[in-house]
Structures are given as C-alpha cells and as structure tokens.
Amino acid sequence: MNRAFRTAAVIGAGTIGLSWATLFAAHGLTVRVTDPRPDLAEAVDEALATYAPHLAARGLGVTGLADRVHLADGVTEAVRDADVVQENGPERLEFKQDLFATLVRAAPGHALLLSSSSAIPSSAFTRELPDEAAARVLIGHPFNPPHLVPLVEVVPGERTGEDAVLDAVDFYTSVGRTPVVERKEIPGFVGNRLQNALSREAVYLVEQGVVTPEELDTVMTNSLGLRWATVGPFLGSHLGGGPGGYRHMAEHIGASMKQMWAGLGTPSQNEEEQQRLIEAVEKAYGSSTYPELTGARDRRQLAVLAALDGADKEEN
Ligand SMILES: NC(=O)c1ccc[n+]([C@@H]2O[C@H](COP(=O)([O-])OP(=O)(O)OC[C@H]3O[C@@H](n4cnc5c(N)ncnc54)[C@H](O)[C@@H]3O)[C@@H](O)[C@H]2O)c1
C-alpha cells in the first residue's frame with residue numbers, strides 16, 4: 001500500500017453510511033460521521049450494536065469499536081483530518097455537486113474523495129471543479145450491506161487521477177473489500193445494470209402472472225443465486241458448455257440464446273400494475289418486521305461467506 005488510511009469521514013449515515021462506518025472502525029480506522037438526521041447518535045449506536053457481531057463472525061476484533069466512531073457537527077468538522085472520505089448522501093446530482101465542492105475545500109489535500117453513488121457518475125458532479133480537485137474524486141460503489149457484501153465498484157471519472165484509482169483499490173482492499181476497477185463510466189455502473197436487467201424480467205414475469213413475487217424469489221435463491229456466489233455468468237456458461245467450454249456453448253445454443261434475448265419482457269408498470277405488485281410483495285413479506293427480515297438476510301449472508309471461506313481454504 002502506498003499510503004496509510006487512519007481516519008475516515010463518513011458523510012451521510014443512512015443505510016449505507018452506517019454500515020461503512022462500522023466496517024471502517026472494525027478495521028481500526030478513526031471514523032467521523034456526519035448527518036443532519038436528528039437521531040444520528042441513536043442510529044450510530046444501533047448500527048454498531050447490530051453490525052459488530054457480524055464483523056466478529058468475519059474474524060475482526062470489535063472491542064473498542066464505539067470509541068473509534070465520533071459524531072461530527074457538519075461536513076467541515078467531519079473531514080478536517082480525513083485521509084479518506086466516503087460520501088453516502090441522497091442520490092441527487094445537485095446534492096453531490098454541492099457536497100463535493102465543499103469536500104475539496106474542507107478536506108486535507110491528500111484525502112481521497114469517494115462517493116457511494118449507485119448510478120450518478122462522478123464526472124457529472126465534478127464538472128464545475130478544477131482539474132486538480134476532480135483528480136481526487138471517484139466512485140466507490142458498494143452493495144448493501146457494505147460491511148458484509150465484499151464488492152466495491154471503483155469507477156474513475158473522466159478527470160480522476162491514476163493515483164487516486166490505485167489508492168482507492170488499496171483502501172478498499174485494506175478494509176477487506178473486493179474492489180473492481182471499471183474502465184468506462186456508464187449509468188448504473190456494472191452491478192446495478194445487471195441487477196436491473198434481472199429486475200425488469202422479474203417484474204414482467206410477475207405482471208404476466210407466471211409466478212408470484214415469493215415464487216420468483218424462491219427460483220432465484222435456489223438456482224442462480226446459489227450458482228452466482230460460486231461462479232459468475234461467464235464461467236457458468238463456460239462450464240455449461242461441458243468440456244467444449246464457452247465455444248461449444250456459443251455454437252450450440254448461441255442462436256436460441258439470441259432468440260430468447262429478443263423475447264425478453266418489458267413490464268408495463270403503469271399505476272395499476274405497480275400498485276398490484278406492491279400489494280403482492282407486501283402480502284409475501286409484510287407480516288415480518290424490517291429487523292426480522294434484515295436479521296434473517298444477514299445470518300444467511302454470513303453463512304454463505306463462511307462456507308465460501310471454508311471451501312477456498314480446502315482448495316489451497
Ligand atoms: N441502499 C442501497 O442499497 C445502496 C447501495 C449502494 C449505494 N447506495 C448509494 O449510497 C448513497 C446513500 O444511500 P442510502 O441508501 O444509504 O440512503 P439513505 O436515504 O438511507 O441515507 C442518506 C442519508 O444522507 C443524509 N443526508 C442528507 N443530507 C445530508 C448532508 N448535507 N450531509 C450529510 N448527510 C446528509 C440523510 O439524512 C440520510 O440519513 C446513495 O448515493 C445511494 O445511491 C445505496
């Protein structure tokens with residue numbers, strides 16, 4: 001690693017920011033959190049209490065975790081001695097534009113400026129910044145919850161410096177994440193484009209009455225979800241082609257695959273269909289509380305991660 005990351009500023013303490021803050025602290029960083037929400041102190045306490053056992057289960061020391069997380073009164077105070085800033089505010093262009101204009105002024109000159117933005121590329125919100133400021137800004141897009149799901153999409157903007165990209169990769173690796181650098185800015189980046197391609201067909205299938213939302217979820221978690229935690233779509237297809245690999249797969253079923261792509265659905269999601277879908281999802285899952293559902297998800301997510309660790313150890 002070229003440089004040390006000792007202090008992190010977490011801007012915005014909603015779903016994503018609280019999870020990042022806990023992860024960074026569990027890796028020994030001093031964390032300064034800021035968010036105008038009136039219940040910030042309670043939200044941070046609750047996140048630390050909920051996520052610490054997850055991180056302990058992943059082998060991280062969590063004693064003294066709370067001592068490393070400090071509430072800051074505003075953005076300027078949060079970033080004053082930051083080596084790295086992770087922004088997790090609302091997904092609105094004007095918000096990110098204003099915030100990054102403040103960050104480049106208020107954060108130390110060496111601080112790496114990262115945004116969790118799900119879809120807005122950094123070139124869009126650094127347009128007004130001078131080159132040397134834009135060079136420090138890039139996307140570090142996580143998957144929810146970032147303290148458990150390893151991927152971070154590192155997406156440089158048009159004027160992001162090569163050093164900043166390397167530093168971002170070092171930083172995310174140092175906090176146990178799996179960074180992947182993406183070479184071009186594209187709306188939604190890679191992960192959310194894949195997720196949305198699948199969501200579009202999932203909504204279509206439910207709209208058409210082929211399956212209920214719960215049945216669709218059962219199909220996913222018992223097939224593609226399991227497979228894709230072990231091999232990605234391309235390796236999966238390479239293996240699906242048998243010993244002849246991807247070449248055989250493409251030559252053998254390439255034509256029918258193209259036919260299938262052409263026939264994929266576009267859901268209408270007009271007002272009526274949207275209400276029908278919301279009601280169907282609420283019927284499936286609405287009787288459980290949010291903590292019950294996230295608790296079950298996190299237990300299962302931890303079990304998958306532990307199983308993969310075990311399998312990788314056996315292999316080595
Ligand atoms: N939720 C997800 O699954 C997910 C996944 C990956 C990335 N993201 C991205 O992460 C970012 C945050 O998403 P989220 O789901 O945590 O949203 P959220 O609504 O849960 O949290 C946003 C927080 O920003 C705070 N905020 C508003 N103005 C602020 C300011 N001036 N300074 C500091 N904080 C401010 C809000 O009070 C709120 O707590 C978005 O850019 C989103 O696209 C979300």
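Residues numbered from 1 in each chain as written. Predicted model: local features only at pLDDT ≥ 70, side-chain atom pairs only at ≥ 80, totals over all residues. Heavy atoms only, no water.

Chemist: Where do I start with unusual backbone geometry in this structure?
Modeler: Note on backbone geometry: most residues besides glycine have negative phi, and most peptide bonds are trans. Between Asn144 and Pro145 the backbone carries a cis peptide bond, its omega angle lying at -5°. A positive phi angle is found at Gln269, which is not glycine, with a value near 45°. Within the element layout of this structure, Gln269 appears in the loop between helix H12 (245-262) and helix H13 (271-285). With a relative accessible area of 27%, Gln269 lands in the partly exposed category. (Helix = DSSP H or I, 4+ residues; strand = E, 2+ residues; numbered from the N terminus. Buried < 20%, exposed > 50% of the residue type's maximum accessible area, 1.4 Å probe, protein only.)

Chemist: What is the right way to look at the UniProt feature "domain: 3-hydroxyacyl-CoA dehydrogenase C-terminal" (unreviewed entry) in the protein chain in this model?
Modeler: The UniProt feature table records "domain: 3-hydroxyacyl-CoA dehydrogenase C-terminal" (unreviewed entry) at residues 188-258. Along residues 188-258 the backbone is 75% helical and 0% strand, and the end-to-end C-alpha distance reaches 24 Å. (UniProt positions renumbered as here; feature names shortened; annotations may be inferred.)

Chemist: So what exactly am I meant to see when it comes to the UniProt feature "site: Important for catalytic activity" (unreviewed entry) in the protein chain here?
Modeler: Look at the UniProt record and you will see "site: Important for catalytic activity" (unreviewed entry) annotated at His141. Among the structural elements, His141 can be located in strand S6 (residues 137-142). Once residues lying within four places of it in the same chain are set aside, the contact partners of His141 are Ser115, Ser116, Ser117, Ser118, Leu151, Val152, Glu153, Phe189 and Asn192. (Contact = heavy atoms within 4.5 Å.)

Chemist: Before we go on, may I ask you to explain the site of the ligand in this structure?
Modeler: With respect to spatial proximity, 22 residues lie near the ligand, and among them Ile16, Asp35, Glu91, Lys96 and Ser118 are the closest. Take Lys96: an N or O atom from its side chain is 2.8 Å from an oxygen atom of the ligand. If the ligand stood free it would expose 830 Å²; the protein chains cover 70% of that surface. Taken together, the elements giving at least two residues each to the shell around the ligand come down to helix H1 (15-26), helix H4 (93-106) and S6. Taken together, the residues that form the shell around the ligand break down as 7 nonpolar, 11 polar and 4 charged. (Near = heavy atom within 4 Å. Polar contact = N/O pair within 3.5 Å; in protein donor to acceptor, adjacent residues only side chain to side chain. Areas by Shrake-Rupley, 256 points an atom, 1.4 Å probe, with all protein chains shown as cover. Nonpolar A, V, L, I, M, F, W, Y, C, P; charged D, E, K, R; others polar.)

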